[in-house]
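Coordinate inspection notes
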Amino acid sequence: MNVILIGYMASGKSTIGKILANKLNYDFIDLDDYIEKKEQTTIVNIFKSRGEIYFRKLETAYLKAILEHKNNVVLSLGGGTPCYGNNMDVILSDTNSKSIYLKTSIPALVSRLKNEKSKRPLLAHIETDDLLSEFIGKHLFERSQFYNLAEAKITTDNKTESEIVEELLLNLL
Ligand SMILES: Nc1ncnc2c1ncn2[C@@H]1O[C@H](COP(=O)(O)OP(=O)(O)OP(=O)(O)O)[C@@H](O)[C@H]1O
Ligand SMILES: O=C(O)C1=C[C@@H](O)[C@@H](O)[C@H](O)C1
Ligand SMILES: [Mg+2]
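Just so we're clear, the structure is a prediction, and the values are computed from it rather than from any experiment.

Another point: unusual backbone geometry. Of note, the phi angle at A10 is positive, near 70 degrees, even though the residue is not glycine. In this fold, A10 is placed in the loop between β1 (2-6) and α1 (13-24).

Right under this line is the structure:
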């Protein structure tokens, strides 16, 4: 059995995934970190030197490779992973995995992301908090159709990391 965490940038996939894996005694894989390790460079650098489409192809290839070869892992995806190629079909047709959407509101995402833009190439150019809020609102609207395909959904606003992990564990029973 694998658990796949889905959600917008800063919804908590990496933070929560690590704690959940520890509780379940599963391995933890963060797809962004996995790509950086395999490619021996940062995602920021891949976007800069090869462009986003190249990154999306890598992301799909590594997602498929992980789901084919790994078991008992918590896999935290990148924010865009479910929204490109046939990634969501691949995730949903893997009967060995359960996908869960960590749903976070626009204001909570803005407050988490305003100081973390430089690590996220899609946000780095946005100058003000108002523009960031407008961008995230539109982007989340476009992406929600993919995120909402996940087999389960957990809201994260006003919940501590431990509360979210407890809710996830109940969901997995
Ligand atoms: N429940 C929570 N309450 C408050 N802050 C949180 C919560 N979960 C995560 N955070 C904070 O939000 C920020 C983003 O979290 P994290 O890196 O886990 O998101 P992510 O979904 O993996 O993002 P990305 O898609 O960009 O990799 C971190 O600073 C983290 O500490
Ligand atoms: O939301 C996105 O499209 C991204 C989120 C990050 O996790 C990285 O995968 C990358 O910065 C792209
Ligand atoms: Mg992450």
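That covers the picture; the talk isn't over yet.
Taken together, the neighbourhood of ligand 2 is formed by M9, D32, F55, R56, G78, G79, G80, P121, L122 and R143. Here an oxygen atom of ligand 2 sits 2.5 Å away from a polar atom, N or O, in the side chain of D32. Here an oxygen atom of ligand 2 sits 2.7 Å away from a polar atom, N or O, in the side chain of R143. Protein coverage of the free-state accessible area of ligand 2, which is 310 Å², stands at 94%. When atom positions are compared with the pocket grids, ligand 2 is found to occupy the largest pocket.

Per the UniProt entry, the sites bearing "binding site: Mg(2+)" (unreviewed entry) are S14 in this numbering. Of note, S14 is situated in helix α1. Each residue touching S14, except ones within four places of it in the same chain, is listed here: F28, D30 and S76.

Below, the discussion takes up the sheet that holds strand β5 (residues 152-155). An order of β2-β3-β1-β4-β5 is seen for the five strands of this open sheet, with the pairing classed as parallel. Two strands close off the open sheet at either side, each with one partner strand: β2 (27-30) and β5. Going across the sheet, the axis of each strand differs from the next one's by a mean of 20 degrees, ignoring polarity. With three bridges connecting them, β1 and strand β3 (residues 73-76) associate as parallel partners. Of the residues in β3, the one forming a bridge with I4 is L75.

This part is about the layout of surface pockets. As a volume, the largest pocket reaches approximately 790 Å³. Along its surface, the largest pocket is lined by 34 residues, and M9, A10, S14, D32 and R120 are the ones closest to its centre. For the lining of the largest pocket, the secondary structure elements donating two or more residues are α1, α2 (31-39), α3 (43-50), α4 (52-69) and α8 (161-172). At four residues, the largest contribution of residues to the lining of the largest pocket is made by α1. A class-by-class count of the residues in the lining of the largest pocket yields 11 nonpolar, nine polar and 14 charged.

Cut-off values and rules
- Residues numbered from 1 in each chain as written.
- Chains lettered and ligands numbered in written order.
- Predicted model: local features only at pLDDT ≥ 70, side-chain atom pairs only at ≥ 80, totals over all residues.
- Heavy atoms only, no water.
- Helix = DSSP H or I, 4+ residues; strand = E, 2+ residues; numbered from the N terminus.
- Near = heavy atom within 4 Å.
- Polar contact = N/O pair within 3.5 Å; in protein donor to acceptor, adjacent residues only side chain to side chain.
- Areas by Shrake-Rupley, 256 points an atom, 1.4 Å probe, with all protein chains shown as cover.
- 1 Å grid on protein atoms, 1.4 Å probe; cavity = no way out; pocket = protein on both sides within 12 Å on 5 of 7 lines; lining within 4 Å.
- Sits in = over half its atoms within 2 Å of the grid points.
- UniProt positions renumbered as here; feature names shortened; annotations may be inferred.
- Contact = heavy atoms within 4.5 Å.
- Pairing = 2+ DSSP bridges.
- Axes fitted to C-alpha atoms, helices over the stretch in contact; angles between N-to-C directions.
- Points joined across faces, edges and corners; volume = space filled by probe spheres on them.
- Nonpolar A, V, L, I, M, F, W, Y, C, P; charged D, E, K, R; others polar.

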